[in-house]
Structures are given as structure tokens and as C-alpha cells.
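An overview of the molecular structure
The residues making up each chain are set out below.
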Amino acid sequence: MKRELEIYVHIPFCVRKCDYCDFLSFPAAPETYREYAGALKREIRGFEDPGRYEVVSIYFGGGTPSLPDPELTVSVLDQILQKFCVREDAEITIECNPGTLTKEKLEIFRRAGFNRLSIGLQSADDSLLSKLGRIHTWEKFKAEYADARRAGFSNISVDLMYALPGQTCQVWRQTLEKVLDLSNEGCAADRPRGPEHISAYSLIIEEGTPFWDRYHEDAMTKARGDRPLFLPDEQAEDQMQKDLERTLQEAGMHRYEISNYALPGRESRHNTGYWIRREYAGFGLGASGQIGRERLRNTSDLAKYLEAEHPLQEVTQLSRDNEIEETMFLGLRRMEGVDLDRFEETFQMRAEDLYSEVIQQLTSTGLLEISRGHLKLTERGIEVSNLVMADFLLD
Ligand code: SF4
């Protein structure tokens, strides 16, 4: 029987670097896009023994996969479709950034087989967008969203960020309302207004970014529980999270992972596969994959990637403990929690025995619960999820 596989393709190019971003992404010349597409196809062709697998999802992430000439992107997708056995109903997502989409591009993507878009909006407030260093405005996003619906995309995810410098709860609520009020006219979407899926992350100030220079002191102040000057304080951030959950719930979406919300049946299959530790192949600059018990990572050096016959830089053998820890960390991020039967089947031992003390302590303090065969975070547990997860590290 064929094993299930997910495929991730990294497109590292962006129009310009956003001020908070520490992803592997950068501007490049159109000629580089072309060379890169060639290198990607070579890497895909070199994948050994694809016949073992049935591909259940494909995800083009970045960077900005919607930036290069769409024919290049489509040629990479075609290479995957030729090389692998891809399930007929596979979820095929492309990440897009507003300001890089056109009606024609969207039609080309849809015709080629992409059936899901993940659009990085971040905020509906133009002054915040400019503070973040984004290249688009709310109106630009809105027009491109409408084009996407008209091009036939009936599964759209929108990325948002909160706890941004100078952002108030009211401004955050306005963003949520505007997004949920997006018109779906001309498309067979599940409802007349709003996207099918929303990912929402609170801003993290990453070292090496312009935001680090601007706001690091402020982030430290906030972490100490003092009132920061520019960033929303802890109380405001909690309120934003509560507003997020309540507003999306009222709009019929449910939280299925710490930072992800969807209409029923529209949860991201690709990300869910990652959280349940399905095998995945990663193609492209700096991309990582997991095949069997091996974690693979490509070079992050563009010149090397473009030249290399085999861009693989690192292979790490995962120990059994690594796998157990990952199963717990990733599983607890899902609202459904860790499937205890599946854990026992995989590791030939019960999570309740291995972690008996931790589970006992965290359930008695109301941070974890066991329900219908799943170990999961309670509402209070979600608020301190990082601390809870640290308890599942094995020595
Ligand atoms: S568009 Fe996304 S990947 Fe590109 S620089 Fe901005 S945040 Fe980073």
C-alpha cells in the first residue's frame, strides 16, 4: 500500500523584505526566478522512488509564490504532477501576497490545478500595513480577493497578525469585521461573505529584523509584565485573542489549532498533516522534509542551490524520543489534541504511562484534559501552551 506524502515547495522571492520578517525570503531579478524554477524541477525529478507514495497535499509557500511569472510556477507544479502519483482530491495551495496578484495570474493558477489560496493580508489598517513594511493596502487586497473568487477559488485562507505596534483592540476588531465582510459574489463559496479559513498570529519580534532594532526593548518590557510604549501590553493582547475567537466563532468558524480557524471541513489538510507528523518532501531553497525517520534540509545558499545537482545539506536521524516529543508538541497545538490510541499504535507504549506524572499534574491544575481518547489543552492551557509543552520534553 502506498504511503501518504505531502509536498512543500519553497519560493523565496518577495518584492521587498517586510520589517518584521525573518523568513528565508528576499528580492531577486526575474532572471533568477527562471533559473530557480529550473533548479526546482531538477530537484523534483531527482526524488528517489516516488512510486512508494500517494501525494495528498501540495503547498507552495514562501516568500511570495505569487510573485514570479505564473507560467514558471505552473511548470514546477506540472513537474510534481508528472513525477508523483497525486490523489485526485489533493489540496493544492499557493501562498500569495496582495500587490502581486492579477486576474490573469489567478486564472492561470486555477486552471493549472491550484485549488486553495493562502493570502497574507496581516491587517486591514493601511497605517499598520505601512508600519509593517507591506507593499499593499486594504483596497488592493480587497480587489485581488474579489478577482480570486471570480477566477473560481472557493477555498481561501487569509493570514492576519495582531499585537502590532500601536494597534488598539478597536483597530483589531475592525480588521476582523472587514475580513468577515469580504464579498464572495460570483463564486460557489460556502457562504456569501468571508473566507473559509483564517490564520492569526501575534507579532513576534525576531532578532536581525528592523523591528528588533525598533521594538526589542519594548518587547522585553512587555515580557516583564510592564507597560510597553509602542506594543500593545499583555492585557490588550489577551483581549485581542479573545475578540478573535469570539468574532470568528460567531461567523461559524472553529478554532482547530492554536492559531488557525476554519469553517467545518475547510481546515488546512496540509498543515494538519504536518501536525500529525505525516511524511513530507520539501523542495527548494532551505526547504526541509521528513522521510521515514530522517529529517532532511536543503542548503539556504541560493548560489549553491542553483548549481547543485543535490541541494541536500543536512540529514538528521530522529531518535524515538525526538519523535515522541514532536508528536506531543504538534498534537497539543491541535484543539483535538493527541490521539492516544494512535500514539500507542505508533510507539508501542501508552502516552498515559510514559508521561503519567506530567499528565496527572497538568490535568489536576486544569491545563490539560483527556476526552474521547485524546489528550488536549484546556482553554487555560492554551494561554500558557509553551510552558505546558515544555513539560513534555524527555530527558
Ligand atoms: S511578504 Fe512574507 S515572506 Fe515576504 S518579506 Fe514579507 S513577511 Fe517575509
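Nothing here was measured: the structure is a model prediction, and the numbers come from that model.

Bringing the overall build of the protein into the picture now. Tallying secondary structure elements over the protein gives 16 helices and 15 strands in all. With the principal axes as the frame, the protein shows a C-alpha extent of 55 × 50 × 45 Å. Across the 395 residues in the protein, those meeting the buried criterion constitute 54%. Sequence-distant contacts, at least 24 apart, represent 67% of the contacts inside the protein between residues at least 6 apart. If the 49 positive side-chain charges of the protein are averaged to one point and the 68 negative ones to another, these points end up 4 Å apart.

The next point concerns unusual backbone geometry. Of the consecutive residues Gly 62 and Gly 63, the connecting peptide bond is found in the cis state with omega at 15°. Here Gly 63 is to be found in the loop between strand S2 (53-62) and helix H2 (70-83). Of note, Gln 348 is a non-glycine position whose phi angle comes to about 55°, a positive value. With respect to the element layout, Gln 348 can be found in the loop between helix H12 (340-347) and helix H13 (351-354).

Right, let's get into a negative patch on the surface. There is a patch of like negative charges on the surface, built from Glu 234, Asp 238, Glu 379 and Glu 383. Among the elements of the structure, helix H8 (234-250) and helix H15 (379-383) are those that each provide at least two residues to the negative patch. Structurally, Glu 234 is set in helix H8. Taking relative accessible area as the criterion, Glu 234 reaches 46% and is therefore assigned partly exposed.

Checked against the element boundaries, Ser 199 lands in strand S6 (residues 197-202). Setting aside anything within four residues of it in sequence, one finds Ser 199 in contact with Ser 157, Val 158, Asp 159, Leu 160, Ser 259 and Asn 260.

A few words now on the site of the ligand. Close to the ligand lie Cys 14, Arg 16, Lys 17, Cys 18, Tyr 20, Cys 21, Phe 23, Ser 25, Gly 63, Thr 64, Asn 97 and Arg 134, which account for all nearby residues. Here the residues of the shell around the ligand sort into five nonpolar, four polar and three charged.

Summed over all chains, the structure comprises one cavity of 30 Å³ or more. In this structure, the largest cavity spans a volume of roughly 60 Å³. Every residue lining the largest cavity is listed: Ile 11, Phe 13, Tyr 33, Tyr 36, Ala 37, Leu 40, Pro 68, Leu 72, Thr 73 and Val 76. The biggest single contributor to the lining of the largest cavity is helix H1 (residues 30-45), with four residues. Class assignment of the residues belonging to the lining of the largest cavity gives a composition of nine nonpolar, one polar and no charged.

Our focus in this paragraph is the packing of aromatic side chains. Using the criterion set out here, one finds 21 aromatic pairs in the structure. Ring centres 5.0 Å apart and planes at 55° place the aromatic pair Phe 47 and Phe 84 in the tilted group. Taken together, the positions of Phe 47 in the loop between H1 and S2 and Phe 84 in the loop between H2 and strand S3 (86-96) put the pair 37 residues apart, joining distant regions of the chain. Overall, Phe 84 belongs to the buried group, its relative accessible area being 4%. Judged by centre distance (6.1 Å) and plane angle (75°), the ring pair of Tyr 274 and Tyr 280 falls under edge-to-face.

What follows is about the domain arrangement of the protein. What the domain assignment reports for the protein is domain 1 (3-274) and domain 2 (337-395). A separation of 30 Å is found between the C-alpha centroids of domain 1 and domain 2.

One can find Gly 38 in helix H1. Residue Gly 38 is classed as partly exposed on the basis of its relative accessible area of 34%.

All right, on to the side chain of Glu 323 then. Relative to the helices and strands, Glu 323 resides in helix H11 (residues 320-333). We classify Glu 323 as buried; its relative accessible area is 11%. Every residue in contact with Glu 323, bar those within four places of it in the chain, is listed here: Arg 277, Arg 293, Leu 318 and Phe 347.

Bringing the environment of Thr 327 into the picture now. Counting through the fold element by element, Thr 327 comes out in helix H11. Judged by its relative accessible area of 17%, Thr 327 is buried. Along the backbone, Thr 327 and Phe 392 are 65 residues apart, and their C-alpha atoms lie at a distance of 9.9 Å. Each residue touching Thr 327, except ones within four places of it in the same chain, is listed here: Arg 277, Val 338, Phe 343 and Phe 347. At 2.7 Å, the side chain of Thr 327 and the backbone oxygen of Glu 323 are in polar contact.

Criteria and cut-off values
- Residues numbered from 1 in each chain as written.
- Predicted model: local features only at pLDDT ≥ 70, side-chain atom pairs only at ≥ 80, totals over all residues.
- Heavy atoms only, no water.
- Helix = DSSP H or I, 4+ residues; strand = E, 2+ residues; numbered from the N terminus.
- Buried < 20%, exposed > 50% of the residue type's maximum accessible area, 1.4 Å probe, protein only.
- Contact = heavy atoms within 4.5 Å.
- Lys, Arg positive; Asp, Glu negative; His and termini not counted.
- Charge placed at Lys NZ, Arg CZ, Asp CG, Glu CD.
- Patch = residues over 30% accessible without salt bridge, like charges linked within 9 Å, V, L, I, M, F, W, Y side chains within 5 Å.
- Areas by Shrake-Rupley, 256 points an atom, 1.4 Å probe, with all protein chains shown as cover.
- Salt bridge = Lys/Arg side-chain N within 4 Å of Asp/Glu carboxyl O.
- Near = heavy atom within 4 Å.
- Nonpolar A, V, L, I, M, F, W, Y, C, P; charged D, E, K, R; others polar.
- 1 Å grid on protein atoms, 1.4 Å probe; cavity = no way out; pocket = protein on both sides within 12 Å on 5 of 7 lines; lining within 4 Å.
- Points joined across faces, edges and corners; volume = space filled by probe spheres on them.
- Phe/Tyr/Trp six-rings, centres within 6.5 Å; stacked < 30°, edge-to-face > 60°.
- Domains from an automatic or database assignment.
- Polar contact = N/O pair within 3.5 Å; in protein donor to acceptor, adjacent residues only side chain to side chain.

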